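Letter by letter, the chains look like this.
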Amino acid sequence: MIEAHGIRKSFGNLEVLKGLDFCAKRSEVVSIMGASGAGKSTLLQILGTLSRPDSGTLTIDGTDVLKLNSSRLSEFRNRKIGFVFQFHHLLPEFTSLENVMIPALIAERPEKEAKEAAETLLEDLGLSERMSHKPSELSGGEQQRVAIARALVNKPSVLFADEPSGNLDSRTKEELHKLFFSLRDKYGQTIIIVTHDPDLAAMCDRSLYMQDGLFLSETRE
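Residues numbered from 1 in each chain as written. Predicted model: local features only at pLDDT ≥ 70, side-chain atom pairs only at ≥ 80, totals over all residues. Heavy atoms only, no water.

Two measures define how a pair of helices packs: the angle their axes make with one another and the distance between the axes. Two elements in contact, helix H3 (residues 96-106) and helix H5 (residues 140-152), have axes whose closest approach is 7 Å; the angle formed by their N-to-C orientations is 30°. With respect to H5, the element H3 is oriented roughly parallel. As for how H3 packs across H5, the hand of that crossing is right-handed. Contacts between H3 and H5 involve Ser 96, Asn 99, Val 100 and Pro 103 from the first element and Val 146, Ala 149 and Arg 150 from the second. Of the residues belonging to the contact of H3 with H5, the class tally is four nonpolar, two polar and one charged. (Axes fitted to C-alpha atoms, helices over the stretch in contact; angles between N-to-C directions. Helix = DSSP H or I, 4+ residues; strand = E, 2+ residues; numbered from the N terminus. Parallel < 35°, antiparallel > 145°, perpendicular 65-115°, else oblique. Left-handed = near helix turned anticlockwise from the far one by under 90°. Contact = heavy atoms within 4.5 Å. Nonpolar A, V, L, I, M, F, W, Y, C, P; charged D, E, K, R; others polar.)

This next bit is on the pairing of strand S3 (residues 29-34). With respect to burial, S3 is a largely interior element, six of its six residues being buried. Sheet analysis places S3 next to strand S8 (residues 190-194), joined by four bridges and oriented parallel. In the strand pairing of S8, Val 30 is matched with Ile 192. In this sheet, strand S9 (residues 206-211) lies alongside S3 in parallel orientation, the contact comprising five bridges. In the strand pairing of S9, Met 33 is matched with Tyr 209. (Buried < 20%, exposed > 50% of the residue type's maximum accessible area, 1.4 Å probe, protein only. Pairing = 2+ DSSP bridges.)

With that settled, consider the nonpolar core. Judged by nonpolar contacts, the single largest core of 34 residues is most densely connected at Leu 122, Ile 148, Phe 180 and Ile 193. Of all the secondary structure elements, the ones that give two or more residues to this core are H3, helix H4 (111-124), H5, strand S7 (158-162), helix H6 (170-187) and S8. A total of six residues in this core trace back to one element, the largest contributor, which is H5. Counting residues in hydrophobic clusters, the runner-up holds 31 residues, among them Met 1, Ala 4, Leu 66 and Leu 208. (Core = buried A, V, L, I, M, F, W, Y, C linked by side-chain atoms within 4.5 Å.)

What the rule picks out here adds up to twelve salt bridges. One salt bridge connects Arg 8 with Glu 15, and the closest N-O pair in it is separated by 2.7 Å. The closest approach of N and O atoms between Lys 112 and Glu 116, which form a salt bridge, is 2.7 Å. Remark: Glu 116 and Lys 112 occur in helix H4; sequence separation between them is four residues, near one turn of the helix. (Salt bridge = Lys/Arg side-chain N within 4 Å of Asp/Glu carboxyl O.)

Let us look at helix H1 (residues 40-47). Because each turn of an α-helix spans 3.6 residues, side chains separated by three or four positions end up pointing in the same direction. The buried fraction of H1 amounts to six of the eight residues, a majority that puts the element mostly inside the structure. Residues of H1 that are buried include every one of Lys 40, Thr 42, Leu 43, Leu 44, Ile 46 and Leu 47, and no others.

To continue, consider the packing of aromatic side chains. Aromatic ring pairs are described here by two measures, namely the spacing of the ring centres and the angle between the planes. This structure, assessed with the given rule, holds two aromatic pairs. When the ring of Phe 22 is compared with that of Phe 215, the centres are 6.2 Å apart and the planes differ by 40°; the resulting orientation is tilted. Of this pair, Phe 22 sits in strand S2 (residues 14-24) while Phe 215 sits in strand S10 (residues 214-220); the two residues are 193 residues apart in sequence, bridging distant segments of the chain. Phe 22 sits in the buried class, given a relative accessible area of 4%. Taking the centre distance of 6.0 Å and the plane angle of 25° together, the rings of Phe 83 and Phe 160 count as stacked. (Phe/Tyr/Trp six-rings, centres within 6.5 Å; stacked < 30°, edge-to-face > 60°.)

Interpretation in functional terms is not warranted from these geometric data alone.
Shown next as structure tokens:
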């Protein structure tokens, strides 16, 4: 599903990624760990096509994404990739249902179809009673589940999560961790998770450890 080779990225004189290789199979859940500054989030942004490497190759679901122009890349990202961040980034003026519908509407899906897809996901995530609520009326865990539904509404091939449980209490965090794996089992996405949480990493099919812009070690479930 994802194949990256020789990924390099510098910011000024600081080389953050140093010729890194990465791959992930279809429906695999992979965690990436490492100290702050190791390059985890930079790698995630490149794999998610939000940032371009200085050099290297990147293929996602059979597409050489680095060869796409900006408009085709945006379209690819909207259809094939979902993102979940530590901060949910929900739009405060919209309801849960409207927030989840937005990526589907951007993809020019009919409004009725977008609404039905959003309702189904919110129901699957236990939020059927929260569809008309705005983010300020939801708990932190509920907000993050809305963000996950939004990431999944276009049925992406890959879901990227950057510290998705970093702002949650321990009970909500555990529920969210289990949710990622039930989603994988139901929808079949490849899921790449950047985390500092060893419990979440231990649940993944593989866990990679980064240091100074390279992978040092790998553990398997």
